[in-house]
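Chains, contacts and geometry: an overview
Single-letter residue listing:
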Amino acid sequence: MRILPLALAALLMPATAFAQCGGSFSGFVKSLKQEALTAGYDRATVNGFFKGASQDSKVLRADRAQGVFQKPFVEFSRHLISQSRIDRGRSMAEKYDSTFRRIETTYGINRGVLLAFWAFETDYGSFQGDFNTRNALITLAHDCRRPDLFRPQIFAALELYKRGNFDPARTTGAWAGEIGMVQMLPQDILDNGVDADGDGHVSLKTSAPDALMSGAKMLSHLGWHAGEPWLQEVTIPGDLDLSKSGTDTKLSVRDWQALGLRAKDGSLAAGTLKASLLLPQGHKGPAFLAYPNFDVYFEWNQSFTYVLTAAYFANRLEGASIYAAGKPEQGLAGAQMKQLQQKLQSLGYDVGKIDGILGAKTRAAVQREQQRLGLPADAWPTPALLNHL
């Protein structure tokens, strides 16, 4: 039977036909099964996929405990990047040289970019997560915090199961439902999965060529520009208008040069290319120019600190020197950051969730308050700023 596309099927159903989240877990699973049947999946496939489905409390605990992203860039990057990880990355580049050459020809993705994701996501495939993927997705969809993100992934996993590329009882991965060596969600696998080793299956858990080619295809579809840089360390002049820093401001490389920015090593990219100045720990810490390809990283992960570290590590794997850490001013601990977010929220700023994480919205609010108070507007919150507020 032809499967009706789920988005179209949803349009043809009453808005209240299926529970979007919440309620009893067994009732929620029953609703998912009925939705799958209505969408055109046969009963045997639906029953096979949902057989034994259960709620996973460990997934919920993991979802609520992401404190690692509260670490500042220097600490976070030093924690993730080690010489052994660099050495192993270069070894993997040699081992899978033919795959990387194929990727570079087909998609224009530098090997360092994929190696960095491979390293951070699963330590080059050595630990891919031990959460049952089906149960994780159903648990997170039922939880009502982000059903719009996780609910469609259940049906993507169902489609993978129908095609013979997913075992609901045995497929494991990260707590958030990502699968394989580069940790891709089921819908991403459907859209971008590549059988690079020619065995007839897209096996992101066991085949490095499949995982790397699939990751490259996804980055390409997300908008990666072949042959362009993604991140470059720079030095900034002491009289720079720091309010121009941040991901929201994009100037041409030529304009940045006119303002006194210089490449720490080598030369900057083409003068017409747009770029943003990133000061992850303020004007006394590391400084980077982020080119258009850097924006693609946020389609992979929403954490600024993770994204910046992954982009920097890609440079290191391709021969860049260690960044100059400088002497950043003291930042805020988790409780202080939450206090800052609450104060900014009371002043009318949208900082998103009060979570103690210095995300994009909090950075933007910090920068505006620094400008108002006559402080260096580098978006790096310090105890001095907190005291001012």
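Below you will find a few notes about this structure. (Residues numbered from 1 in each chain as written. Predicted model: local features only at pLDDT ≥ 70, side-chain atom pairs only at ≥ 80, totals over all residues. Heavy atoms only, no water.)

1. As for the packing of aromatic side chains
As enumerated under the stated definition, the model contains 19 aromatic pairs in all. Look at Phe-294 and Phe-298: their rings are 5.5 Å apart centre to centre, the planes differ by 85°, and that puts the pair in the edge-to-face class. Of this pair, Phe-294 and Phe-298 both sit in helix 14 (residues 292-300), 4 residues apart, which is roughly one turn of the helix. Across the pair, exposure class does not vary: Phe-294 and Phe-298 are buried alike. Joined through ring pairs, the aromatic side chains of Phe-117, Trp-224, Trp-230, Phe-294, Tyr-297, Phe-298 and Trp-300 make up one cluster. A cation sits over an aromatic face here: Lys-58 above Phe-131, 5.8 Å from the ring centre. (Phe/Tyr/Trp six-rings, centres within 6.5 Å; stacked < 30°, edge-to-face > 60°. Helix = DSSP H or I, 4+ residues; strand = E, 2+ residues; numbered from the N terminus. Buried < 20%, exposed > 50% of the residue type's maximum accessible area, 1.4 Å probe, protein only. Lys NZ or Arg CZ within 6 Å of the ring centre and 35° of its normal.)

2. Section: helix 12 (residues 208-221)
Taking 1.5 Å of rise per residue, 14 residues should cover 20 Å, and helix 12 covers 20 Å from first to last C-alpha, within 8% of that figure. Most of helix 12 is tucked away: 11 of the 14 residues are buried. Looking only at helix 12, the buried set comprises Ala-208, Pro-209, Asp-210, Ala-211, Leu-212, Met-213, Ser-214, Gly-215, Ala-216, Met-218 and Leu-219. Buried residues belonging to helix 12 abut helix 7 (97-106), helix 8 (111-122), helix 11 (186-192) and helix 14. Of the residues that open helix 12, the one with a side-chain oxygen 3.2 Å from the backbone nitrogen of Asp-210 is Ser-207. (Expected span 1.5 Å × (residues − 1). Contact = heavy atoms within 4.5 Å. Polar contact = N/O pair within 3.5 Å; in protein donor to acceptor, adjacent residues only side chain to side chain.)

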